[in-house]
Structure formats: structure tokens, C-alpha cells
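# Topology and contacts: notes
Here are the chains, one letter per residue:
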Protein chains: 2
Amino acid sequence: MSEQVRVAVDAMGGDFAPAEPVKAAVEAVNASPAISVFLVGREQAVQEELGKYQYPQDRITVVDAQEVIETGEPPVHAIRAKKDSSLVVALTMVKKGEADAFVSSGSTGAVLVGGQLYAGKIKGVERAPLAPLIPTAKGVSLLIDCGANVDARPSHLIQFAKMGSIYMEHVVGIKNPRVALVNIGAEEEKGNALVKETYPQLKACQDINFVGSIEARDIPAGQADVIVCEAFVGNVILKLYEGLGATLISKIKKGMMTSLRSKLGALLVKPALKETLKDFDVTEYGGAPLLGLKGLVVKTHGSAKAVEIKNGILQCAQFKQADIIGKIQNHLMVTKKEDM
Amino acid sequence: MSEQVRVAVDAMGGDFAPAEPVKAAVEAVNASPAISVFLVGREQAVQEELGKYQYPQDRITVVDAQEVIETGEPPVHAIRAKKDSSLVVALTMVKKGEADAFVSSGSTGAVLVGGQLYAGKIKGVERAPLAPLIPTAKGVSLLIDCGANVDARPSHLIQFAKMGSIYMEHVVGIKNPRVALVNIGAEEEKGNALVKETYPQLKACQDINFVGSIEARDIPAGQADVIVCEAFVGNVILKLYEGLGATLISKIKKGMMTSLRSKLGALLVKPALKETLKDFDVTEYGGAPLLGLKGLVVKTHGSAKAVEIKNGILQCAQFKQADIIGKIQNHLMVTKKEDM
């Protein structure tokens, strides 16, 4: 057994806290001997939930934090004001080296701001992107950046491409991942000012497999593994994925209820359909890493259930064992040297 | 019978030219006595197609143009170089007042550039947006702008909101249409620099029904009628709509072929499913007006069939009868006066 990975889990974050984060912690330590968990939140409530399960007691520790940051709160203010919140207490543990990673289904803004403020960026990293995996016809792609920092510069996008490439290769296991830049046409001269300036710089990068521009139309088909864009566009893509999938599925279900014939058919296709749609549900891949930080921070979907949070926790082990932080650090340093 | 609307149709534009544009022209004049069509393109090829149909001969005229602008050509160059192209000849007719409108399934870039160059913008209009209708759970919404001019200013977005509002009210028939600004959160303080600057200005507009920000997730649900964004984001939304729909449908079809049970069910649900998916096919609503021009220019999808092109032609009649150009002109002038 290799070194333990110590994951601080936000027991108060998300729509189903503390029940689902607690259940996830139990499932994670039962699934992997390499993981130990700190459940950070209101001690009494967390212990009550924990009491329902069997688990190796030495690998789950409850850490008390009485405050909770709500989704609607302005992130910067919330983090400053609520020092005894599960989020701040857990991130402080990462900062002090008491925990290796932090997993939260809480407010995205607070996780992003808190992650940068407490864990801190790796030296040389200009901006820490939030990079969810999105389902495609061929598997998954990494959409980088979907964070809260918009209006990026070309140098940010270049770093996103490199960090995303490392992540897809060493955590998801895709050899020589194809990196593409989101654009409104395939030609090099197309795009807005940011894209036009970034394109030749990405093309010149020797250390990534840059395949050119990608139109949004080709993202779901899986035509690239690392989809690079600034956060406003990334957010639009991620959320449209969610919304369009949900609307289409509800239309299909309603459509199948229009005649006796189709109702009967619906009964028969239901199991197969359910499986397919699950594959394509963006919330199933809820564990989005915040890359470029000195500690591991994984944001799971606000409506995440135990299985997704557990996957987020297990991802931390992979992330640490593959030494992603070290790889990003070395990579950026090498690139810097090459540039000179 | 009111005054005739004379529509110049690009007989050489799109994947199925000249067959589908010619068929569309015949169907349009047969459908509405208010319409007459100029079919602009290679005369011999067009006449050959026309020979297949019955139609009132006095309402379809073939206008010869020997050149064709291809989809891959750089638009500005193509328009300058190919004076005898169907696109340039047809737009010149609009410019000279020989035709009221132009419908083309050809190169989007060429239609956009040509439309602005030949038809010219209405006085006071800063930028002419391309505004396709997209399907939603509740009907359709207008996505404005999806054109080729990116990096918009707030004043552009304000005009898009006003023009889109007029279009949805008087062409699509939605009373007091809800106007929303695409953003990455519902709160006023969220967004990139453009959105933050535009939001309070839209909020201050007395002449539109501004309902605030819309997240991409809520677009397919139909939470607004006029979806305002700059063209890069609009393009991403439009193309992701197409791509995600196509991928999801192909996954569902494949999923239903996994077992005997689901195969049988698939046979039964097929007709209902087909109807539903057609409702949600963005290419079905292929006729996107280029708003803010002195002539009517409608861009239909490159893969448009006769039915969509016909709808584009019929839209021109509605557009002219509702005097959208006059309304935009008056509206912008009133707004200017109010501002003083």
C-alpha cells in the first residue's frame, strides 16, 4: 500500500449535505485502502449520519466547523466572514499540509475563491481553471476553463491547454490527448481577438498535441480531448450541455406518451434509454478539479449524490499518486526555460 | 390582396442547389399570392429544375448569374471578385429596389458581408445581427447575435435587444417578448466586462421587457423570448444546440439497439420520437434574418431543404407587411430622442 491520501470533505456543501457527503466518505474509504477522510462540518449532525454506517474508524475523522457558506452568498465576503465554515476550515487544513485534498459540493464561487486563497497557486501558474469532464459520443472531454474568472488573456489559455493535457494523460489515461481551441470556425483567421491571438501561440507549443480550432458543434462528437476556452464561454457550454440534455429528454419522454403504441414502446426501451441518458448526464461527471493549485481541490456538482462525491474523493488519490501538481510545476518551468 | 413582396432567391446557395431553392420558390408562390420570386443563378440549370413544376409563370422570373460563391471562400474577397455570382447579383437587385428581400442558403460569411455592403444598414444601426430562431420546450426563442462580427460593445447589444424584441413581437407574434442577457449567473454583478457594462443599460430601457440575465442552462427551457449575446457566444450556443442534439439522438438510437426488448420498443416509439426530435431540430428553423438592414436578408441553413427555404421566403412577406424596417427605424430614432 502506498502512502495514504488524506482528503478533507466538505460535509456541509451541496443540496444533500450532510447525508450524501458522509455516505460518500464511507464508500470511498471502503473502496480504497489508500484513502483517509476528514469530514468537516457540524460535528453532531455529521456524527449522527456516520452512525448509520460500518467503516474503518481510523480512516474517517470528524472535524468540527459550525458555520456554512450558502450558495447565494458573495464568495469573497463569505470566505472572509465565516472563518468557522466547513469550507474555510477544510481549506486551512490543506494549506497547513494536514490534508492533501479538498472535495466540496458547495458554492462554486466560494470553492474557487477559497481554493486560490488558501491552497495558493503553483509558482508560475497565472490563473487556476475549473475543468469539468463532459460526456461525448466517444467518452469524456475536459472543458477548461469553466471557472469564475472571465476575460482571460492568451497566456492563460496556453497554460490551460498544458495543464488540461497533463490531467487527461495522467488522471484520465488518454495518451497524447488532442487539444483544441473553441472557435466559431475551423480556419485560423476566424474568431474573436482572444482566440486569434491565442491560436498561433498554441500552434507553436511543442509539448501539447494541438489539433486546431473546434466548433461547438463538434464538441459532443468527441473531436478533441482537451477543450480550451475562456471561462465565460466554458460556462455557457457546460450549462447548455446540462439544460439542453434535460429539455430534450423531457421532450422525448413526453413524446413517447402521445399514443398507446408509443407508450408500450416506451416501457420496452426504458431500461436501455436510462442507461444511455445516464452516460450523457453531465452531473454524473461532477468532479471538476481546480487545476494549478498547490493542493488538490475538486468541486462536485451542487446536486451531487454520494456516488459522485465518492468519485471525486477517489480522483484525489489518482491525482496525488500521478503527482499532477509536480508535473504541472516541472512542465511550466521547462516551458519557461524553453522560452528563454 | 396587398402589394406583392418580391423575393430574390439564391438559386446556387446551399448543399442542395439549385434543386431545393427552385422547389422552394415554386412552393412559396403556390402558397401565397402575395409573393413573387426572382430565382438568381445559372439560367440553364435553374430553368431545367423549374421545368419540373406547375406554377403561376408571372410570379417566378429567372435572373442569370454565372458565378457561385463557395462556402470555403473568404467572404470579403469572394464578394469583390465574383460580381456575376448569384449572391452579388441578387443583393444588387435589393439595393436598386428591384427586389424587397434576399434569401440564401449559401456561405454565411458572404451573406453577412454582402448584406451589409449592398443592402446597407438602417440609419442609426451600428451593427446588423444574424438572429436565428432556436427551438425550446415552450416554442422558439430568438438568439441574437450569431453573426460573424465578434467582440461587440454594449451599445450593440442594446440595439440587438430592441431589434430582436420588434421581430419577435411583429413577425413571430409574441406579445411583450421577454428579453434576457446571456450570463454565467443570475446576479447583476456577475459576468464578463461586456455583460457587466450592458446589464444596467438594458435594465434602464423603457421600451423592452428586460427580464435580467439568463444562464445557458435555462435557454432550452424557454425562459426568455429574445436571447441577447455577442456573436462568439451566440455561435457557440447555436452550434452546440445542433451538435448536442445530433449526438444525443444518435446515442439514443444506438442505445435502443442493445437488446431484443429495446429493439422492439424502438419500432413502436419511432414515429412519436421522430416527431419530437423534428420539433427540436435547429435546422428546421433555418431562416435567420439579418436584422437592421435597409433590405430584408434571410439566411437559411446550408443544408436547408425546400420546406425551410420556402419558410424563409414566406417570412419575408410577413417581415415586409409588418414593416419591420420602418419599426426599427422609428424605434431607434425615438430612443435617440429620449436619450437627449
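Please read these numbers as outputs of a predicted model, since none were measured by experiment.

The helix and strand tally for chain A stands at eleven helices and eleven strands. For the C-alpha atoms alone, the extent of chain A along its principal axes is close to 70 × 60 × 40 Å. The buried share among the 340 residues of chain A stands at 60%. Long-range pairs, those at least 24 residues apart, make up 72% of the contacts in chain A between residues at least 6 apart in sequence. Split by element, the accessible area of chain A, about 13800 Å² in all, is 52% carbon and sulfur. In chain A, 39 positive and 38 negative side-chain charges are present, and the distance between their average locations comes to 3 Å.

Within this structure, the stated rule accounts for four aromatic pairs over all chains. With a centroid separation of 5.9 Å and an interplanar angle of 50°, the aromatic rings of tyrosine 167 of chain A and phenylalanine 319 of chain A are classed as tilted. On the criterion of sequence distance, the pair formed by tyrosine 167 of chain A in helix 6 (residues 154–172) and phenylalanine 319 of chain A in helix 10 (residues 306–321) is long-range, its members being 152 residues apart. Here tyrosine 167 of chain A matches phenylalanine 319 of chain A in class, with each residue buried. Each ring, one from tyrosine 199 of chain B and one from phenylalanine 210 of chain B, has its centre 5.3 Å from the other, and the planes form 75°; the classification is edge-to-face. Taken together, the residues span a long stretch of sequence, with tyrosine 199 of chain B in helix 7 (residues 193–203) and phenylalanine 210 of chain B in strand 8 (residues 209–215) at a distance of eleven residues. Like phenylalanine 210 of chain B, tyrosine 199 of chain B is buried. We note lysine 305 of chain A situated over the ring of phenylalanine 16 of chain A; from NZ or CZ to the ring centre the distance is 4.9 Å.

Another aspect to go through is unusual backbone geometry. With an omega of -5°, the peptide bond between alanine 17 of chain A and proline 18 of chain A qualifies as cis. Looking at the secondary structure, you find proline 18 of chain A in the loop between strand 1 (5–10) and helix 1 (19–31).

Moving on, we get to the relation of the copies chain B and chain A. Mapping chain B onto chain A calls for a screw motion: a turn of 180° about the axis and a shift of 0.0 Å along it, with 0.1 Å RMSD after fitting. The symmetry that links the two subunits is that of a two-fold axis. Measuring from the rotation axis to each C-alpha of chain B, the shortest distance belongs to glycine 265 of chain B, at 2.0 Å. By residue overlap, the copies meet face to face through one surface: 100% of the interface positions of chain B are interface positions in chain A.

A few words now on the pairing of strand 8 of chain B. Residues and elements named next belong to chain B. The buried count for strand 8 comes to five of seven residues, which makes it a mostly enclosed element. Relative to strand 8, strand 7 (residues 178–183) runs parallel, the two sharing six bridges. Paired with arginine 178 across the two strands is asparagine 209, which belongs to strand 8. For the segment spanning strand 7, helix 7 and strand 8, crossover handedness is right-handed.

A word on the sheet that holds strand 1 (residues 5–10) of chain B. Residue and element names in this part refer to chain B. Judged by pairing direction, the sheet is mixed, and its six strands sit side by side in the order 3-2-1-4-11-10 without closing on themselves. On the outer flanks of this sheet lie strand 3 (60–64) and strand 10 (288–290), each paired with one strand and no other. Sheet twist, expressed as the average angle between the axes of neighbouring strands with direction ignored, equals 25°. Where strand 1 meets strand 4 (residues 101–104), three bridges bridge the pair, whose relative direction is parallel. Note that in strand 4 the partner of valine 9 across the bridge is valine 103. Packing against the sheet, helix 1 (residues 19–31) makes contact with strand 1, strand 2 (35–41) and strand 3, and its axis sits at approximately 165° to strand 2.

Time to look at the sheet that holds strand 6 (residues 139–144) of chain B. All names here are of chain B. Spatially, the five strands line up as an open sheet ordered 5-6-9-7-8, and their pairing is mixed. Each edge of the open sheet carries a strand with a single partner, namely strand 5 (133–136) and strand 8. Put simply, the sheet's adjacent strands are angled 30° from each other on average, direction ignored. With three bridges connecting them, strand 6 and strand 9 (residues 226–228) associate as parallel partners. When the sheet's bridge partners are listed, leucine 143 is paired in strand 9 with isoleucine 227. Along the sheet, helix 7 makes contact with strand 7 and strand 8, crossing strand 7 at roughly 165°.

Turning our eyes to something else, we now look at the interface of chain B and chain A. A common way to state how big an interface is: give the accessible area lost once the parts meet. Listed as interface residues are 50 residues of chain B and, on the opposing side, 50 residues of chain A. Carbon and sulfur atoms supply 76% of the area that chain B and chain A bury against each other, a total of about 4800 Å² over both sides. Per-residue buried area on chain B facing chain A is highest for Ile184, Phe232 and Leu240 of chain B; these three make up 14% of the total on that side. Where chain B meets chain A, there are four salt bridges. One salt bridge connects lysine 239 of chain A with glutamate 215 of chain B, and the closest N-O pair in it is separated by 2.5 Å. Summed over the shared surface of chain B and chain A, the number is twelve residue pairs in polar contact (both at pLDDT 80 or more). Elements that contribute at least two residues to the side of chain B that touches chain A include exactly strand 7, helix 7, helix 8 (231–255) and helix 9 (260–279) of chain B. If one sorts the elements of the side of chain B that touches chain A by residue count, helix 8 of chain B sits on top with 17 residues. In the side of chain B that touches chain A, the residues fall into 29 nonpolar, 13 polar and eight charged.

Further remarks concern the packing of helix 9 (residues 260–279) of chain A against helix 8 of chain B. Interhelical geometry of helix 9 of chain A versus helix 8 of chain B gives an angle of 145° and a closest axis separation of 9 Å. Where helix 9 of chain A crosses over helix 8 of chain B, the handedness of that crossing is right-handed. Seen from helix 9 of chain A, the contacting residues are Ala272, Leu273, Thr276, Leu277 and Asp279 of chain A; seen from helix 8 of chain B, they are Lys251, Ile252 and Gly255 of chain B. Broken down by class, the residue content of the contact of helix 9 of chain A with helix 8 of chain B amounts to four nonpolar, two polar and two charged.

On to the environment of isoleucine 324 of chain B, then. Residue and element names in this part refer to chain B. Within the secondary structure, isoleucine 324 sits in helix 11 (residues 324–339). Put simply, isoleucine 324 and arginine 178 are 146 residues apart on the chain and 18 Å apart in space, counted from C-alpha to C-alpha. Residues within four places of isoleucine 324 in sequence aside, it is in contact with Ile166, His170, Val171 and Phe319.

Using the criterion set out here, one finds 22 salt bridges over all chains in the structure. Between glutamate 169 of chain A and lysine 175 of chain A there is a salt bridge, and its shortest N-O distance comes to 3.8 Å. The exposed category is assigned to lysine 175 of chain A, whose relative accessible area is 70%. Taken together, the salt bridges that share partners define one network made up of Glu215 and Arg217 of chain A together with Lys239 and Glu242 of chain B.

Thresholds, definitions, all that
- Residues numbered from 1 in each chain as written.
- Chains lettered and ligands numbered in written order.
- Predicted model: local features only at pLDDT ≥ 70, side-chain atom pairs only at ≥ 80, totals over all residues.
- Heavy atoms only, no water.
- Helix = DSSP H or I, 4+ residues; strand = E, 2+ residues; numbered from the N terminus.
- Buried < 20%, exposed > 50% of the residue type's maximum accessible area, 1.4 Å probe, protein only.
- Contact = heavy atoms within 4.5 Å.
- Areas by Shrake-Rupley, 256 points an atom, 1.4 Å probe, with all protein chains shown as cover.
- Lys, Arg positive; Asp, Glu negative; His and termini not counted.
- Charge placed at Lys NZ, Arg CZ, Asp CG, Glu CD.
- Phe/Tyr/Trp six-rings, centres within 6.5 Å; stacked < 30°, edge-to-face > 60°.
- Lys NZ or Arg CZ within 6 Å of the ring centre and 35° of its normal.
- Least-squares fit on C-alpha atoms with pLDDT ≥ 70 in both.
- Pairing = 2+ DSSP bridges.
- Right-handed = clockwise from strand over helix to strand, strands pointing away.
- Axes fitted to C-alpha atoms, helices over the stretch in contact; angles between N-to-C directions.
- Buried area = accessible area lost by both parts, 1.4 Å probe.
- Salt bridge = Lys/Arg side-chain N within 4 Å of Asp/Glu carboxyl O.
- Polar contact = N/O pair within 3.5 Å; in protein donor to acceptor, adjacent residues only side chain to side chain.
- Nonpolar A, V, L, I, M, F, W, Y, C, P; charged D, E, K, R; others polar.
- Left-handed = near helix turned anticlockwise from the far one by under 90°.

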